[in-house]
Amino acid sequence: MKLVKLFCIFMAATLMSACGGSEDNVTAATPAATSAPAAGASPTLDKVAGANGFTALLAAAAKADLASALADPNASLTVFAPTDDAFGRLATSLGFASAAAMVDALPAATLKSILSYHVLPAARNAAALRAAQPAQPTLYEFDGAPAAVTVGSGPSGVTLTDAALTAANVTATDVAAGNGVIHVIDKVLVPPGVLNIVQMARVNPQLSSLAGAVVSANLQDTLSGPGPFTVFAPTNAAFSAAPTGLTPQQLATVLTYHALGRQVLASQIPFGAPIQTLASQAIVINAGTPPTISDTTGTPAKIVATDVRASNGVVHVIDKVLIPAL
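Cut-offs applied
- Residues numbered from 1 in each chain as written.
- Predicted model: local features only at pLDDT ≥ 70, side-chain atom pairs only at ≥ 80, totals over all residues.
- Heavy atoms only, no water.
- Helix = DSSP H or I, 4+ residues; strand = E, 2+ residues; numbered from the N terminus.
- Buried < 20%, exposed > 50% of the residue type's maximum accessible area, 1.4 Å probe, protein only.
- Areas by Shrake-Rupley, 256 points an atom, 1.4 Å probe, with all protein chains shown as cover.
- Pairing = 2+ DSSP bridges.
- Contact = heavy atoms within 4.5 Å.
- Arc of directions from axis to C-beta.
- Phe/Tyr/Trp six-rings, centres within 6.5 Å; stacked < 30°, edge-to-face > 60°.

This next bit is on the overall build of the chain. A count of helices and strands for the chain gives 14 helices and 14 strands. By the burial criterion, 51% of the 326 residues in the chain qualify as buried. Put simply, the chain shows about 13,400 Å² of open surface, and 57% of that area lies on carbon and sulfur atoms.

Next up on the list: the pairing of strand 3 (residues 135–142). With five bridges joining them, strand 3 and strand 4 (residues 145–154) adopt antiparallel strand pairing. Its bridge partner being in strand 4, Pro137 is matched across the sheet by Ala148.

A few words on the environment of Thr44. Summarising the element assignment, Thr44 is placed in the loop between helix 2 (23–27) and helix 3 (45–51). Considered as a pair, Thr44 and Asp72 are 28 residues apart in the sequence and their alpha carbons are 7.2 Å apart. Those residues in contact with Thr44 that lie beyond four places of it in its chain are Leu70, Ala71, Pro73 and Asn179.

Taken as a whole, helix 4 (residues 55–63) has its buried residues at Ala56, Leu57, Ala60 and Ala61. Along the long axis of helix 4, the arc covered by the buried residues comes to 135 degrees, so they all point the same way. Considering only its buried residues, helix 4 is in contact with helix 5 (67–71), strand 1 (77–82), helix 6 (84–93), helix 7 (99–105) and helix 8 (108–116). At the exit of helix 4 stands Asp65, carrying a positive phi of roughly 60 degrees.

Our next topic: the sheet that holds strand 9 (residues 259–260). Pairing in this open sheet of seven strands is mixed, and the strands run 9-8-14-13-12-11-10 from one edge to the other. Edge strands, defined here as strands with exactly one partner in the open sheet, are strand 9 and strand 10 (274–276).

Inspection of the entire model under this criterion finds one aromatic pair. Aromatic side chains Tyr117 and Tyr140 sit 6.2 Å apart centroid to centroid with 85 degrees between the ring planes, which places their arrangement in the edge-to-face category. Pair noted here: Tyr117 is in the loop between helix 8 and strand 2 (119–120) and Tyr140 is in strand 3, with a separation of 23 residues, a long-range link. Comparing Tyr117 with Tyr140 shows no difference in burial state: the two are buried.

Structure representation (structure tokens):
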């Protein structure tokens, strides 16, 4: 399951009208953007981005030593450009006061990985994206291969799904530059292998209950450590159906019952055999479509998503909170 080059001379008129996020804006493609404009025919990405207020993107690119790539007139790239508001929301979810504080605090290598995940190695307009395979390889490499974003459709038009299983809406398309094309998005895409397991839970709204429970049980430092870990992550809906009134110690036991002290990808699961958890109690994963996990109750948990790759392990999403012996 499993972020570089921007805009055009007509950017001001196109972007200011397109950023409202309507479906008409999302579907209005410029066929000429499928191939690179002639070098020097219009401003490069860095110039147009600066003129149109993409402050956080440019600050991150500067720290990540990617500003020269934005200015390269010989490039031909597709950039999915998050707005400043999008950077602000990511900063808030990761516990930073602002996008500027996040850019200042994150290592340059982390920012480079994130931004490279927003870039395709060829200029593609919206029509070309829809016509291509849903999985679009980016410039960010993980496990020796280009990591992909998934192009899809939502109620408001084109969406991009990232490695954290969250979707960004494309709010403006086909803004051409002399060295590529930009599509504006309302969320920073999260690449695989960059954020740790706790951070991956924080940036996915469907895992906010798990993120809060980890803090309540004082396990955030443990699960943010080097690992590697495997975490079976219950969704918010799963937590809403789980027992309540647990003591902090019982909550810690429940949460560590969802974690293994090693990385186990979907292809490595030993189906049918007891697997020891960090709670020193075993679970059993049963083969099937989807696979299920047996705990101390008679109701198994379904594994609904696998191989969400973090910097310190892997997350598999489940639809029920696993219950150990308490």
